[in-house]
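Fold and contact review
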Amino acid sequence: MHELLTVDEMSRADRWAIAQGTPGLTLMENAGRAVAEAVTARFKRASVAVLCGPGNNGGDGFVAARHLSEAGWSVTLYLLGEREKLTGDAAEMARRWNGAIHPMTGDAVRGAGLIIDAIFGAGLSRPVEGVPAELIQAAARAGTPVVAVDMPSGLHGDTGEVLGAAFKAVLTVTFFRAKPGHYLLGGRRHCGELLLRDIGIGEEALGELLPHTYENCPSLWLGGFPRPEFGDHKYTRGHGVVVSGGMSTTGAARLGARAALRAGAGLVTLASPSSALMVNASQLTAVMVRAVNTPDELTAFLEDKRRNAVLIGPGAGIGGPTREKVLAILLSGAAVVLDADALTSFEEVPRDLFVAIEGYFAGPAVLTPHEGEFKRLFKDIEGSKLERARAAARRAGAIVVLKGPDTVIAAPDGRAAINTNASPELATAGSGDVLAGIITGLLAQSMAPFEAACAAVWLHGEAGRAFGPGLIAEDLPEMLPVVLRDLF
Ligand SMILES: NC(=O)C1=CN([C@@H]2O[C@H](COP(=O)(O)OP(=O)(O)OC[C@H]3O[C@@H](n4cnc5c(N)ncnc54)[C@H](OP(=O)(O)O)[C@@H]3O)[C@@H](O)[C@H]2O)[C@@H](O)CC1
Ligand SMILES: Nc1ncnc2c1ncn2[C@@H]1O[C@H](COP(=O)(O)OP(=O)(O)O)[C@@H](O)[C@H]1O
Ligand SMILES: [K+]
């Protein structure tokens, strides 16, 4: 169930189901009934205002109103636009509604104990204004709970963007598969609890659509997740390398190194400037430390091909030396995770980075920018978070992990996953360094890079949730054993 469908893909799924012999009217009946059932299961009986729009979302509203009324609820139904203008399945569902149809006016939700928002769904085509916008404000002012049909009206299904205004629902009931807009930040803020309901569209529809956007769930990557086998030794589990910053900025790299080890790399070595060797050595036990100063020394260090995954960026410092080290790593053929300063160092010359990533000898690359770092590297890329991560991955020829509350992981081939399990406790200094380390640990074990990035983001989210309040970055690697045990 981890595929996400765009608005266009969802309407193709509807059409596919209809062509396969399930009437649209049946799909709409199932959709509206699912909403009514969700309402009766979750709310105490109240007077309900059902707000119906002029399209099929409104059609679902007529069905929900009928089922709630039959269940003994007091239902008042309001229609945006004229009844005569309803067409197709929605017009038929309006005929099957025996109650009154009131014109939708600005006071439609006054006194209601619950609002069912069936104004606009997938068909939202422009910013919401006028009466629907007034009702959105009135509902918010009154604090009346809103149950959204498919999408809270005003929210775009593909982008999670609010067009004009949007209801803040406590519950959103959507059908067949969730949409990216439900999970991107704006959407997450407006959807409340998200319920997914089967309305009679067969799973085979996915074979026709070949969707390439996913919710980041273990089913997406668990099959390729590395687990030690009988007969393994530390070198067969991979050797991660983390490049340390200078004397005053070593902590970030140590966090990454510890995380890489906890994620299962057989060995992890901190490649440290000589000046910071003592600081690093005095803080490390299972993680090893070696003096590596210049880009040339890093090249020499990576000639041992067992050192197969490298993280650079946390605490690395911005400028030429970091750029040269990045290029040296890319030439070595090791898998590479580029974070923080390793990204910012290419602000003026992003093409140099992308050309190196495309290089014949380069191994897989994973870029882990937060929004600020992303803008420095991909100045002209615009759109929703999903679109931007995808465009960046294509341009860079790398996996891009665009971090935040709704982290998006994108691959150059167009696959993208939206992460949904992260808690705000993760917004703490060094948490990104740990994420980069987990990715490195998985790459060291030869996990495929898109799957490794997705798995790491998910593990990071679970670790944050498992620890809960009071979390600091040091806690995250230590939570991995618990999270991994649950995962397996
Ligand atoms: N068989 C199926 O397909 C099934 C579909 N299902 C349901 O159908 C929903 C999709 O239905 P839909 O495509 O009819 O679009 P919908 O969201 O009702 O809106 C379109 C109407 O709104 C209008 N409009 C848009 N924006 C506006 C604005 N800002 N301000 C004012 N008006 C605006 C727009 O006007 P227009 O742009 O044409 O001028 C048009 O009249 C989907 O979300 C799901 O709930 C389920 O029943 C399962 C089976
Ligand atoms: N509000 C939030 N909810 C969930 N995760 C968050 C939130 N804010 C930040 N994160 C996560 O925390 C990490 C922060 O990384 P980053 O911005 O690089 O910080 P740092 O450089 O201090 O490590 C990222 O993985 C990001 O996705
Ligand atoms: K709606």
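Everything quoted here is computed from the prediction, not taken from an experiment.

Some remarks on the overall build of the protein chain
The helix and strand inventory of the protein chain stands at 19 helices and 18 strands. Each principal axis of the C-alpha distribution contributes one length, and for the protein chain these read about 80 × 45 × 45 Å. Taking contacts inside the protein chain between residues at least 6 apart in sequence as the whole, the part at least 24 apart equals 74%.

Some thoughts on the site of ligand 1
Residues in close proximity to ligand 1 total 27 residues, the closest being Gly55, Asn56, Asn57, Gly121 and Gly123. Those elements that place two or more of their residues in the shell around ligand 1 are helix H1 (7-19), helix H2 (24-42) and helix H3 (56-70). Considering each element in turn, the shell around ligand 1 owes the most residues, five residues, to H3. A per-class count over the shell around ligand 1 returns 12 nonpolar, 11 polar and four charged.

As for the environment of Leu353
Along the chain, the position of Leu353 falls in helix H14 (residues 350-358). Excluding residues that lie within four positions of it along the chain, Leu353 makes contacts with Val326 and Phe346.

Thoughts on the UniProt feature "binding site: K(+)" (unreviewed entry) in the protein chain
The sites that carry the UniProt feature "binding site: K(+)" (unreviewed entry) are, in the present numbering, Asn57, Asp117 and Ser153. Judged by maximum C-alpha separation, these annotated positions cover 97 residues in sequence but sit close together in space, the widest gap being only 9.5 Å. What Asp117 contacts, discounting residues up to four positions off in sequence, is Leu51, Val146, Val147, Ala148, Val149, Pro152, Ser153, Phe167 and Ala169. Judged by the 30 C-beta atoms lying within 10 Å of it, Ser153 is buried. Not counting chain neighbours up to four residues away, the residues in contact with Ser153 comprise Asp117, Ile119, Phe120, Val128, Pro132, Ala166 and Phe167.

Regarding the domain arrangement of the protein chain
Once the domains are mapped, the protein chain shows domain 1 (3-211) and domain 2 (218-487). Across the boundary between the two partners, domain 1 contributes 10 residues, which contact seven residues of domain 2. Listed by contribution, the elements that provide at least two residues to the side of domain 1 that touches domain 2 are helix H6 (180-183) and helix H7 (185-191). Taken together, the residues of the side of domain 1 that touches domain 2 sort by class into five nonpolar, two polar and three charged.

Some words on the packing of H2 against H3
The geometry of H2 relative to H3 is characterised by a closest axis approach of 7 Å and an angle of 50° between their N-to-C directions. Overall, the two elements H2 and H3 adopt an arrangement that is oblique. In this structure, H2 meets H3 at a crossing whose hand is right-handed. Between H2 and H3, the residues in contact are Met28, Glu29, Ala31, Gly32, Arg33, Val35, Ala36 and Val39 and Asn56, Gly59, Asp60, Phe62, Val63, Ala64, His67 and Leu68, respectively.

Quick notes on the UniProt feature "domain: YjeF N-terminal" (unreviewed entry) in the protein chain
Per the UniProt entry, the sites bearing "domain: YjeF N-terminal" (unreviewed entry) are residues 10-207 in this numbering. For residues 10-207, the helix share is 40%, the strand share is 16%, and the end-to-end C-alpha distance is 13 Å.

What to know about the pairing of strand E16 (residues 399-402)
Here E16 shows a buried face lined by Ile399 and Val401 and a second buried face lined by Val400 and Leu402. Judged from the three bridges that link them, E16 and strand E17 (residues 408-410) form a sheet pairing that is antiparallel. Looking at E17, one finds that Val401 is bridged to Ile409.

What to know about the packing of helix H9 (residues 251-262) against helix H17 (residues 431-444)
The interhelical angle for the contact between H9 and H17, taken along N-to-C directions, is 40°, at an axis separation of 7 Å. Taken as axis vectors, H9 and H17 run oblique relative to one another. The hand of the H9/H17 crossing is right-handed. Residues Ala252, Leu255, Gly256, Ala257, Arg258, Ala259, Ala260 and Leu261 of H9 lie in contact with H17, whose contacting residues are Asp433, Val434, Ala436, Gly437, Ile438, Thr440, Gly441 and Ala444. Broken down by class, the residue content of the contact of H9 with H17 amounts to 10 nonpolar, four polar and two charged.

Comments concerning the site of ligand 2
What surrounds ligand 2 is a group of 18 residues, the closest being Lys403, Pro405, Ala422, Ala427 and Gly432. When residues of the shell around ligand 2 are assigned to their parent elements, the largest contribution, four residues, is made by H17. Classifying every residue of the shell around ligand 2 by side-chain character gives eight nonpolar, eight polar and two charged.

Some remarks on the sheet that holds strand E10 (residues 239-243)
Spatial strand order, E1-E9-E18-E17-E16-E15-E14-E13-E10-E11-E12: 11 strands in an open sheet with mixed pairing. Edge positions in the sheet fall to strand E1 (3-4) and strand E12 (288-291), since each of these pairs with one other strand and no more. Two strands pair when backbone bridges link them, and strand E14 (residues 335-339) and strand E15 (residues 365-368) are joined in this way by four bridges, in the parallel orientation. Opposite Val336, over in E15, you have Ala365 as the bridge partner. Sheet strands touched by helix H18 (residues 449-467): E14, E15, E16, E17 and strand E18 (416-418). Its angle to E16, the strand with the most contacts, is close to 20°.

Brief notes about helix H4 (residues 88-95)
Burial in H4 covers these residues: Asp89, Ala90, Met93 and Ala94. One side of H4 holds all its buried residues, which, seen down the axis, span an arc of 140°. Residues of H4 that are buried sit in contact with H2, H3 and strand E4 (101-103).

As for the confidence of the model for the protein chain
Here the protein chain shows a mean pLDDT of 96. Residues at 70 or above account for 100%. Across the interface, the model reports ipTM at 0.96; the global pTM reads 0.96.

What to know about the environment of Ile329
Take Ile329: it is sitting in helix H12 (residues 320-332). Taking the C-alpha atoms as reference points, Ile329 and Leu267, separated by 62 residues in sequence, lie 18 Å from one another. With residues near it in sequence (within four places) discarded, Ile329 still touches Leu298, Leu302, Val310, Ile312, Ala334 and Val336.

Some thoughts on the sheet that holds strand E2 (residues 48-52)
Spatially, seven strands are ordered E4-E3-E2-E5-E6-E7-E8 in an open sheet, and the strand pairing comes out parallel. A single partner strand is all that each edge strand has here, and the edge strands are E4 and strand E8 (193-197). Looking at each pair of strands side by side, their axes are set apart by 25° on average, direction ignored. Summarising the sheet, E2 and strand E5 (residues 114-118) pair through five bridges and their orientation is parallel. By the bridge assignment for E5, Ala49 is matched with Ile115.

Calculation rules
Per chain, residue numbering runs from 1 following the sequence as it is written. Going through the entries in the order they are written, you letter the chains from A and number the ligands from 1. Where totals are concerned, whole chains, interfaces and linings use all residues; where local detail is concerned, this predicted model gives features only for residues with pLDDT of at least 70, and gives and counts side-chain atom pairs only at 80 or more. Note on conventions: DSSP H or I runs of at least 4 residues are helices, E runs of at least 2 residues are strands, and numbering of each starts at the N terminus. For every residue pair, C-beta atoms are placed from the backbone, and the pair is scored as a contact if these atoms sit within 7 Å. Contact assignment follows one rule, namely that a residue is near a molecule or strand if its backbone-placed C-beta atom lies within 6 Å of it. In the scheme used here, Gly and all other residues not listed as nonpolar or charged are polar, with Ala, Val, Leu, Ile, Met, Phe, Trp, Tyr, Cys and Pro taken as nonpolar and Asp, Glu, Lys and Arg as charged. UniProt positions are given in the numbering used here, feature names are shortened, and annotations may be inferred rather than shown by experiment. Labels follow a simple rule on C-beta atoms placed from the backbone: if 20 or more others lie within 10 Å of a residue's own, it is buried; if 12 or fewer, it is exposed; otherwise it is partly exposed. Domain limits in this description derive from either an automatic procedure or a database domain assignment. To obtain each axis, a line is fitted to C-alpha atoms, and for helices this fit is confined to the stretch in contact; angles are then taken between N-to-C directions over 0 to 180 degrees. An angle below 35 degrees is read as roughly parallel, one above 145 as roughly antiparallel, one from 65 to 115 as roughly perpendicular, and any other as oblique. By definition, any crossing whose near helix is turned counterclockwise from its far helix by less than a right angle is left-handed, and any crossing with a clockwise turn is right-handed. Strands are labelled as partners when DSSP assigns at least two bridges between them. By arc we mean the arc of the directions from the helix axis to the C-beta atoms, nothing more. The predictor attaches a confidence to each residue, and that confidence, scored 0 to 100, is pLDDT.

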